[in-house]
Amino acid sequence: TTRNLWFQMPTTGSAAPGLQLAATAITVNPLEFELAIASQTVYVGSSTTATVTTASPVTAETVVTLSQAGPGSVTIPATVTIPAGGTTATFTVTGLTLGNAPLTLSAALPASLSATPETAQVTVADLPLTFAAPSTFVYYGGALPVTASIPAVLNADVAFAVTETGAGDPVYPTPVTIPAGSTS
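Residues numbered from 1 in each chain as written. Predicted model: local features only at pLDDT ≥ 70, side-chain atom pairs only at ≥ 80, totals over all residues. Heavy atoms only, no water.

S.K.: In this structure, what is going on with the environment of alanine 108? I would like to understand it.
M.R.: Its place among the elements puts alanine 108 in strand β10 (residues 103-108). According to the relative accessible area criterion, alanine 108 is partly exposed, its value standing at 25%. On a C-alpha basis, the gap between alanine 108 and threonine 119 in space is 8.9 Å, while along the polypeptide they are 11 residues apart. Contacts of alanine 108, omitting those with residues within four sequence positions, involve Phe33, Val63, Val64, Thr65 and Pro117. (Helix = DSSP H or I, 4+ residues; strand = E, 2+ residues; numbered from the N terminus. Buried < 20%, exposed > 50% of the residue type's maximum accessible area, 1.4 Å probe, protein only. Contact = heavy atoms within 4.5 Å.)

S.K.: Quick question: what am I supposed to make of the nonpolar core here?
M.R.: Generally speaking, soluble globular proteins have nonpolar side chains that are buried together. In terms of nonpolar packing, the biggest core is built from 24 residues, with Leu35, Val52, Val64, Phe91 and Leu105 touching the most fellow members. Listing elements by their share of this core, those giving two or more residues are β3 (33-37), β5 (47-54), β6 (62-69), β8 (79-82), β9 (88-97), β10 and β11 (118-125). Those residues within four positions of valine 52 in sequence are excluded, and the remaining contacts are Phe33, Glu34, Leu35, Val64, Val80, Ile82, Thr87, Thr88, Ala89, Phe91 and Ala107. Counting nine residues, the second-largest nonpolar core is a separate cluster that includes Ala148, Ala152, Leu154 and Ile178. (Core = buried A, V, L, I, M, F, W, Y, C linked by side-chain atoms within 4.5 Å.)

S.K.: In this structure, what is going on with the pairing of β6? I would like to understand it.
M.R.: Successive side chains on a regular strand alternate, one facing one side of the sheet and the next facing the other. Sheet topology note: the β6/β8 ladder contains four bridges and is antiparallel. By the bridge assignment, threonine 62 is partnered in β8 with isoleucine 82. Where β6 lies against β10, five bridges are found, and the strand directions are antiparallel. Residue glutamine 68 lies in a different strand from β10, and its bridge partner there is leucine 105. (Pairing = 2+ DSSP bridges.)

S.K.: Would you mind showing me how to read the environment of proline 83 here?
M.R.: You can see proline 83 is positioned in the loop between β8 and β9. Once the C-alpha coordinates of proline 83 and valine 58 are considered, the two residues, 25 residues apart in sequence, prove to be 7.5 Å apart.

In short, shape yes, function no, at least from these values alone.
Listed below in structure tokens is the structure:
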């Protein structure tokens, strides 16, 4: 948006003081900002962070409206606030239900800032469980330590049953639990 400004200044050097008129045009640009997500994949039950960043500090406390659309779902706050003089607001994105395609998160600044809403994508994926062992065989009566791992820290225990295919009498604990706050 271009705005014309007129300035009146007193004239000097004349017997009768008057005003001199000066004009200038100033262009007012919309506030630029971005929405960035730390990880584009979030697992059901795990979290990542997202940040709204403005190109320049905001002059007053600025409320950013957040929303989501698409397959799967996440929990996000309805709004985040960029403090006066600040440029960023960070929030948590937690995976709730699976989606087979990216979910779109949107952030919108107040209409008075004339900014276009920003979007970012995140996919909610099922939590993969992997196993690692130092060997693929064990002698009868021997022991083989096996470590179960997940790629993200969860706020709740992850319990799963161990089953076997094949002959033998293996002894293993069941269920196996990865404690909350751990990845193995």
